[in-house]
Amino acid sequence: MSSFAETMWKSWQGEYEYKSPVCHIDKWVIFLMKKILIIIAAILAVTVAVPVTLLIQYGKYEKPTPESEETISVYVTSEDKVVDMSKSQYLKEVVSAEMPASFEPEALKAQAVAARSYLEARRSAYRTSGTPAEHKGADICTDSTHCKAWISEEKRRESWGKDADKNWEKISAAVDETADEVMTYNGEVISAVFHSTSSGKTESSKDVWGGDRPYLVSVDSPGDLQSPKYKSEKEMTLEEFKKIAAENIEGVDFSKEIVGNIARSEAGGIITVSVGGVPVKGTKFRSLYGLRSTNAEVTVDGEMVYFHVTGYGHGVGMSQYGANYLAAEGKKYDEILKTYYTGIEIVKLN
């Protein structure tokens, strides 16, 4: 008889009251199964715990840093210095500078996600190309013509006066409640540009800056018609108009024409315009004559030039006033973002 069988036989006849060999076999099987399960659980624990421990210890795995604790460097152009601050604080100060605190909470959340996406897209690009000279070595800058508008919490509170606490809490909630959320297209964080007010239809990035970004195409934005910045007018003398052109556009000849051959985008913005017989990009034309957008009607009447302008800003991406309109209509921030940025997904970093 084998040792195993002898052991089994002695156990049946000695330690346990004899009832039936089958009964004792069942107990033995259960005992063995419990032992096997304990061993399997131990193996699984070691299999998972050891690699994770090694990854953490040797830097191949990093625990996600909360946005409120992640530090970024910001070049504050007005003070000509680089300042380190939490990413969360920077975003709150950007949102407070870019969008009125009186706007709907869902619009502010959309703004927070757009600002965060823009920041992360820039940081990702700079890791490859290096930071531009304007940043003085910092991750981002506060020049709104180069990055995004920014104002310190202290100065913003001063401008808000008695509403400072209420407004800051509202801005903070928009950033905190969307923490780490960004927009992606085909797995990459998008350059989430935005503007104040469109013409009722946003511009495509291709028409404004060239290049083709599928998530920055022209979309309807009917709420902009209610924006206080929807319409604006400007006038100047014909002499002043010519002087600006002569100083900034090579080869102008006003004996041929003043303004003509205007090519427009689907949304109505000027893509190119002929000034004194020389083709000029709409973006340059807007900049030279200080217009609120490229969507302008230009009229020459005697010795005067009149500009009738629709919208405010470059017109690409999310319209801020359009976003506020959608929020007031009951749209959530993710619905607002997906209205203005075609084909995007909203994901969490890390």
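Everything quoted here is computed from the prediction, not taken from an experiment. (Residues numbered from 1 in each chain as written. Predicted model: local features only at pLDDT ≥ 70, side-chain atom pairs only at ≥ 80, totals over all residues. Heavy atoms only, no water.)

J.: When you look at the sheet that holds strand β12 (residues 304–310) in this model, what are you seeing that I'm missing?
T.: The pairing of strands in a sheet happens through backbone hydrogen bonds and is either parallel or antiparallel. On the basis of which strands lie adjacent, the open sheet formed by three strands has the order β7-β12-β11 and antiparallel pairing. Every other strand in the sheet has two partners, leaving β7 (231–237) and β11 (296–301) as the edge strands with one partner each. Averaged over all adjacent pairs, the angle separating strand axes in this sheet is 15°, with direction ignored. When β11 meets β12, the two strands line up antiparallel, connected through six bridges. In the strand pairing of β12, T299 is matched with Y306. Helix α8 (residues 238–248) rests against β7, β11 and β12 of the sheet, and its axis sits at about 90° to β7. (Pairing = 2+ DSSP bridges. Helix = DSSP H or I, 4+ residues; strand = E, 2+ residues; numbered from the N terminus. Axes fitted to C-alpha atoms, helices over the stretch in contact; angles between N-to-C directions. Contact = heavy atoms within 4.5 Å.)

J.: Help me understand the sheet that holds strand β4 (residues 181–185), please; the structure alone is not making it clear to me.
T.: Ordered by their spatial adjacency, three strands build an open sheet running β5-β4-β14, and the pairing between neighbours is antiparallel. Looking at the sheet topology across the chains shown, the edges are occupied by β5 (188–189) and β14 (345–348). Of the pairings in the sheet, the one linking β4 to β5 comprises two bridges and is antiparallel in character. Residue pairing for β5: T184 is matched across the bridge by V189. Lying on the sheet, helix α4 (residues 105–129) is in contact with β4 and β5; it crosses β4 at an angle near 65°.

J.: What is the right way to look at the state of the cysteines in this model?
T.: Covalently bonding the sulfur atom of one cysteine to the sulfur atom of another cysteine gives a disulfide. Applying the stated criterion across every chain, the model contains zero disulfides. Here C141 stays free of any disulfide, with the sulfur of C147 as its closest cysteine sulfur at 3.4 Å. On the basis of relative accessible area, C141 is assigned to the buried category, the value being 1%. (Disulfide = S-S within 2.5 Å. Buried < 20%, exposed > 50% of the residue type's maximum accessible area, 1.4 Å probe, protein only.)

J.: How should α4 be read in this particular structure?
T.: Residues that lie three or four places apart on an α-helix share one face, since the helix turns once every 3.6 residues. Compared with the 36 Å implied by 1.5 Å per residue over 25 residues, the 36 Å span of α4 between its first and last C-alpha is a close match. In terms of residue burial, α4 counts as a mostly covered element, since 18 of its 25 residues are buried. Once α4 finishes, G130 follows within two positions and takes phi at roughly 90°, a positive value. (Expected span 1.5 Å × (residues − 1).)

J.: Explain empty space enclosed by the protein to me, please; I cannot follow it from the model alone.
T.: Rolled over the atoms, a probe sized like a water molecule indicates the empty space that remains. Within this structure, the stated rule accounts for two cavities of 30 Å³ or more. Put simply, the largest cavity is a space of about 70 Å³. Together, 13 residues line the largest cavity, and E203, S293, N295, G313 and G315 are the ones closest to its centre. Residue classes in the lining of the largest cavity are distributed as no nonpolar, 11 polar and two charged. In this structure, the second largest cavity encloses a volume near 50 Å³. Surrounding the second largest cavity, Y90, L91, V94, A115, Y118, L119, I140 and K148 form its lining. Only α3 (87–98) and α4 provide two or more residues apiece to the lining of the second largest cavity. (1 Å grid on protein atoms, 1.4 Å probe; cavity = no way out; pocket = protein on both sides within 12 Å on 5 of 7 lines; lining within 4 Å. Points joined across faces, edges and corners; volume = space filled by probe spheres on them. Nonpolar A, V, L, I, M, F, W, Y, C, P; charged D, E, K, R; others polar.)

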